[in-house]
Amino acid sequence: MSASRKRKFELVLPRVEALAALTDLTAQAAEGNLVIDGEVFPLEDFTSLKIAIKHLGASSLLKVSLKYPALGLAALPTPAGVDAEDAAREAAMAGVPETVEPGGRPKYKGLKKRMKQYFKAIVTALRAGLVPDAESMAGFIADSRLMTSYPGKGDAFYPAYDAEVDRLEAAAAAGDLEAMTASVAALDRMKKECHSRHA
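Residues numbered from 1 in each chain as written. Predicted model: local features only at pLDDT ≥ 70, side-chain atom pairs only at ≥ 80, totals over all residues. Heavy atoms only, no water.

A.B. asks: Quick question: what am I supposed to make of a positive patch on the surface here?
C.D. replies: Positive charge collects at one region of the surface, where Lys-6, Lys-8, Lys-50, Lys-54, Lys-63 and Lys-67 lie side by side. When contributions to the positive patch are tallied by element, the ones reaching two or more residues are strand 1 (5-14), strand 4 (48-56) and strand 5 (59-68). Topologically, Lys-67 is positioned in strand 5. Here Lys-67 falls in the partly exposed class, since its relative accessible area comes to 30%. (Patch = residues over 30% accessible without salt bridge, like charges linked within 9 Å, V, L, I, M, F, W, Y side chains within 5 Å. Areas by Shrake-Rupley, 256 points an atom, 1.4 Å probe, with all protein chains shown as cover. Salt bridge = Lys/Arg side-chain N within 4 Å of Asp/Glu carboxyl O. Lys, Arg positive; Asp, Glu negative; His and termini not counted. Charge placed at Lys NZ, Arg CZ, Asp CG, Glu CD. Helix = DSSP H or I, 4+ residues; strand = E, 2+ residues; numbered from the N terminus. Buried < 20%, exposed > 50% of the residue type's maximum accessible area, 1.4 Å probe, protein only.)

A.B. asks: Teacher, can you tell me more about the pairing of strand 5 here?
C.D. replies: Along any regular strand, the residues point their side chains to alternate faces of the sheet. Here strand 5 lies mainly inside the structure; seven of its ten residues are buried. Bridge count for strand 1 against strand 5 is ten bridges, and the pairing is antiparallel. Within strand 5, the residue paired with Pro-14 across the bridge is Ser-59. Judged from the nine bridges that link them, strand 4 and strand 5 form a sheet pairing that is antiparallel. By the bridge assignment, Leu-49 is partnered in strand 5 with Leu-66. (Pairing = 2+ DSSP bridges.)

A.B. asks: Help me understand the pairing of strand 3 (residues 39-42), please; the structure alone is not making it clear to me.
C.D. replies: The sheet contact formed by strand 2 (residues 33-36) and strand 3 spans four bridges and is antiparallel. By the bridge assignment, Val-35 is partnered in strand 3 with Val-40.

A.B. asks: Looking at this structure, I do not really get the environment of Ile-53. What am I missing?
C.D. replies: Among the secondary structure elements, Ile-53 is positioned in strand 4. With a relative accessible area of 25%, Ile-53 lands in the partly exposed category. Taking the C-alpha atoms as reference, Ile-53 lies 9.7 Å from Val-12; in sequence the two are 41 residues apart. The residues contacting Ile-53, other than those within four sequence positions of it, are Ala-18, Leu-19, Leu-22, Ser-60, Leu-61 and Leu-62. (Contact = heavy atoms within 4.5 Å.)

A.B. asks: What is the right way to look at the packing of aromatic side chains in this model?
C.D. replies: In this description, a pair of aromatic rings is defined by centroid distance and the angle of the planes. Across all of its chains, the model carries three aromatic pairs by this definition. Looking at Arg-105, its charged tip hangs above the ring of Tyr-150, at a distance of 3.9 Å from the centre. (Phe/Tyr/Trp six-rings, centres within 6.5 Å; stacked < 30°, edge-to-face > 60°. Lys NZ or Arg CZ within 6 Å of the ring centre and 35° of its normal.)

A.B. asks: Honestly, the sheet that holds strand 4 in this entry has me stumped. Any pointers?
C.D. replies: Whenever strands of a sheet pair, they do so through backbone hydrogen bonds, lying parallel or antiparallel. Taken in spatial order, the three strands make up an open sheet running 1-5-4, and their pairing is antiparallel. Because the sheet does not close on itself, it has two edges, and the strands there are strand 1 and strand 4. This sheet shows a mean twist of 15 degrees between the axes of neighbouring strands, independent of strand direction. (Axes fitted to C-alpha atoms, helices over the stretch in contact; angles between N-to-C directions.)

A.B. asks: Would you take a moment to explain the side chain of Ser-183 for this structure?
C.D. replies: Its location among the elements puts Ser-183 in helix 6 (residues 177-198). Among all residues touching Ser-183, those that are not within four sequence positions of it are Glu-164, Arg-167 and Leu-168.

A.B. asks: What is the right way to read the nonpolar core from this model?
C.D. replies: A general feature of soluble globular proteins is that nonpolar side chains tend to end up buried together. Counting residues in hydrophobic clusters, the biggest one holds 26 residues, and the most contacted among them are Phe-140, Tyr-161, Leu-168, Val-184 and Leu-187. Listed by contribution, the elements that provide at least two residues to this core are helix 3 (108-127), helix 4 (134-147), helix 5 (158-174) and helix 6. Membership of the second largest hydrophobic core comes to twelve residues, among which are Ala-21, Leu-34, Leu-62 and Leu-66. (Core = buried A, V, L, I, M, F, W, Y, C linked by side-chain atoms within 4.5 Å.)

A.B. asks: I keep staring at helix 5 and nothing clicks. Help me out?
C.D. replies: Every α-helix winds through 3.6 residues per turn, so residues three or four apart in the chain are directed the same way. Taking 1.5 Å as the rise per residue, helix 5 with 17 residues should run 24 Å; its terminal C-alpha atoms sit 24 Å apart, in good agreement. Residues of helix 5 that are buried: Tyr-158, Tyr-161, Glu-164, Val-165, Leu-168 and Ala-171. Down the axis of helix 5, the buried side of the element spans an arc of 140 degrees, and every buried residue falls inside it. The exposed set on the far side of helix 5, more than 90 degrees from its buried face, consists of Pro-159, Ala-173 and Ala-174. Phi turns positive one or two residues past the end of helix 5, at Gly-175, with a value near 70 degrees. (Expected span 1.5 Å × (residues − 1). Arc of directions from axis to C-beta.)

Right, dumping it as structure tokens:
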């Protein structure tokens with residue numbers, strides 16, 4: 001599982017100031033940043049923001065917790081993690097009859113299995129600091145585009161997924177390992193979110 005970056009803050013305030021501080025933080029968040037103890041924290045890519053107030057008599061404890069996605073190699077799943085997650089999904093899909101789609105498209109279940117193999121090869125290469133082989137990258141990109149043509153399998157996620165696949169393709173064409181790593185990590189997060197809703 002990939003690690004996230006976390007920032008936590010606790011401020012003790014007079015009870016009468018706690019709600020005003022909450023109002024101020026909410027207004028800042030609406031503008032895209034939080035300023036805590038003079039330090040600015042951008043919110044453009046946060047994954048979780050929690051603000052809590054605990055009253056302690058005449059004082060209040062204001063807690064702020066921010067999570068950001070992990071960066072670089074820490075953001076990538078491990079090859080074993082890819083296997084474990086996909087094994088659970090395959091078990092959930094067991095018993096679903098396999099049919100050929102109209103128009104000769106591959107069976108969805110078979111397409112997902114092939115994508116898993118490509119994805120694992122890409123992750124393994126990136127974790128080793130290597131450019132993934134062209135066949136795995138091209139296969140994953142083509143299958144990703146095909147996957148988003150299947151209705152009812154997570155349609156709401158398709159536009160963002162397709163845009164990230166475009167970024168991955170551009171990064172691969174440029175040989176940019178850092179950008180490929182960021183895109184693969186983003187696609188992994190999208191996959192997990194989609195699978196949590198459409199398993």
